[in-house]
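Residues per chain, in single letters:
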Amino acid sequence: MKTNHTHTVEPFRFTCLNGSTFELDGSQVVLVVNTASQCGLAKQLPALQTLHERYHSQGFTVLGVSSQSFRKQEFEEICAIEAALQKKGGNITFPVTQLEAVRGRDIHPFYAWAAAQVSFLGRPKWNFHKYLVGRGNNLINWFASTTDPLHPNILEAIENAL
């Protein structure tokens, strides 16, 4: 389901595994994916890296949001998350955040905002749910957890946003 809503308040901020801050500030196209390295869908990590490499020079990035919101399938320690990402995804160069809630009482503000932009169907039901956010922080579309990151619908949406 396509959306086209604009976020006009302060940028959404995430703390990355390396301690740096990633700001979703509307300056680039971002595929926000809630990741969990112990999930069976972690096999998508190499495809997410491929996406990041393919379009990064055009103003695109993948943002992995580490989360335990679904059966706690992510490690708690930063070093364990990093090691698991490298083991399952190879040389991951896209930013990955420290643990964040994507639903529930402690939901990250980005996910609360995104949930308000989509129907119930567009909210994360499992790990590796994908939100495509365009320049200006408009929510372009969402993709289910099982959708391969290199699916033609995702590629087309990214290319149109760039």
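The following paragraphs examine the structure supplied in this document. Just so it is clear, the structure is predicted and the values come from calculations on it, not from any experiment.

1. So, the overall build of the protein
Line of reasoning, step 1. Helix and strand counts for the protein come out as 4 helices and 7 strands.
Line of reasoning, step 2. Mapped from its N terminus to its C terminus, the protein presents α and β elements in the order β-β-β-β-α-β-α-α-β-β-α.
Line of reasoning, step 3. Relative to the globule expectation of 15 Å for 162 residues, the C-alpha radius of gyration of the protein, 14 Å, shows essentially globular dimensions.
Line of reasoning, step 4. For the protein, the spread of C-alpha atoms along the three principal axes comes to 35 × 35 × 30 Å.
Line of reasoning, step 5. Sorting the 162 residues of the protein into buried and exposed places 54% on the buried side.
Line of reasoning, step 6. Look at the contacts in the protein between residues 6 or more apart in sequence, and 71% of them connect residues 24 or more apart.

2. Considerations on the environment of Leu63
Line of reasoning, step 1. Within the secondary structure, Leu63 is located in strand 5 (residues 60–66).
Line of reasoning, step 2. Taking relative accessible area as the criterion, Leu63 reaches 0% and is therefore assigned buried.
Line of reasoning, step 3. For Leu63 and Val96, which are 33 residues apart along the polypeptide, the C-alpha to C-alpha distance reads 5.9 Å.
Line of reasoning, step 4. Every residue in contact with Leu63, bar those within four places of it in the chain, is listed here: Phe14, Phe22, Val30, Leu31, Val32, Val33, Pro95 and Thr97.

3. Looking at the packing of helix 1 (residues 45–55) against helix 4 (residues 152–161)
Line of reasoning, step 1. Interhelical geometry of helix 1 versus helix 4 gives an angle of 30° and a closest axis separation of 12 Å. Accordingly, the angle class assigned to the pair helix 1 and helix 4 is roughly parallel. Crossing angle aside, the handedness with which helix 1 passes helix 4 is right-handed. Contacts between helix 1 and helix 4 involve Leu51, Arg54 and Tyr55 from the former and Ile154, Leu155, Ile158 and Glu159 from the latter.
Line of reasoning, step 2. The class makeup of the residues in the contact of helix 1 with helix 4 is 5 nonpolar, no polar and 2 charged.

4. Here we look at the packing of aromatic side chains
Line of reasoning, step 1. One pass over the structure, following the stated rule, counts 9 aromatic pairs.
Line of reasoning, step 2. On the basis of an interplanar angle of 45° and a centroid distance of 5.8 Å, the ring pair of Phe110 and Trp113 is categorised as tilted. Residue Phe110 and its partner Trp113 are located together in helix 3 (residues 109–117), separated by 3 residues, close to a single helical turn. The residues Phe110 and Trp113 share a single accessibility class, namely buried.
Line of reasoning, step 3. Following the ring pairs from residue to residue traces out a cluster consisting of Phe12, Phe14, Phe110, Tyr111, Trp113 and Tyr131.
Line of reasoning, step 4. Here Lys125 stacks its cationic end above the ring of Phe120, 4.3 Å away from the centre of that ring.

The rules behind these values
Residues numbered from 1 in each chain as written. Predicted model: local features only at pLDDT ≥ 70, side-chain atom pairs only at ≥ 80, totals over all residues. Heavy atoms only, no water. Helix = DSSP H or I, 4+ residues; strand = E, 2+ residues; numbered from the N terminus. Rg over C-alpha atoms; globule rule 2.2 N^0.38 Å. Buried < 20%, exposed > 50% of the residue type's maximum accessible area, 1.4 Å probe, protein only. Contact = heavy atoms within 4.5 Å. Axes fitted to C-alpha atoms, helices over the stretch in contact; angles between N-to-C directions. Parallel < 35°, antiparallel > 145°, perpendicular 65-115°, else oblique. Left-handed = near helix turned anticlockwise from the far one by under 90°. Nonpolar A, V, L, I, M, F, W, Y, C, P; charged D, E, K, R; others polar. Phe/Tyr/Trp six-rings, centres within 6.5 Å; stacked < 30°, edge-to-face > 60°. Lys NZ or Arg CZ within 6 Å of the ring centre and 35° of its normal.

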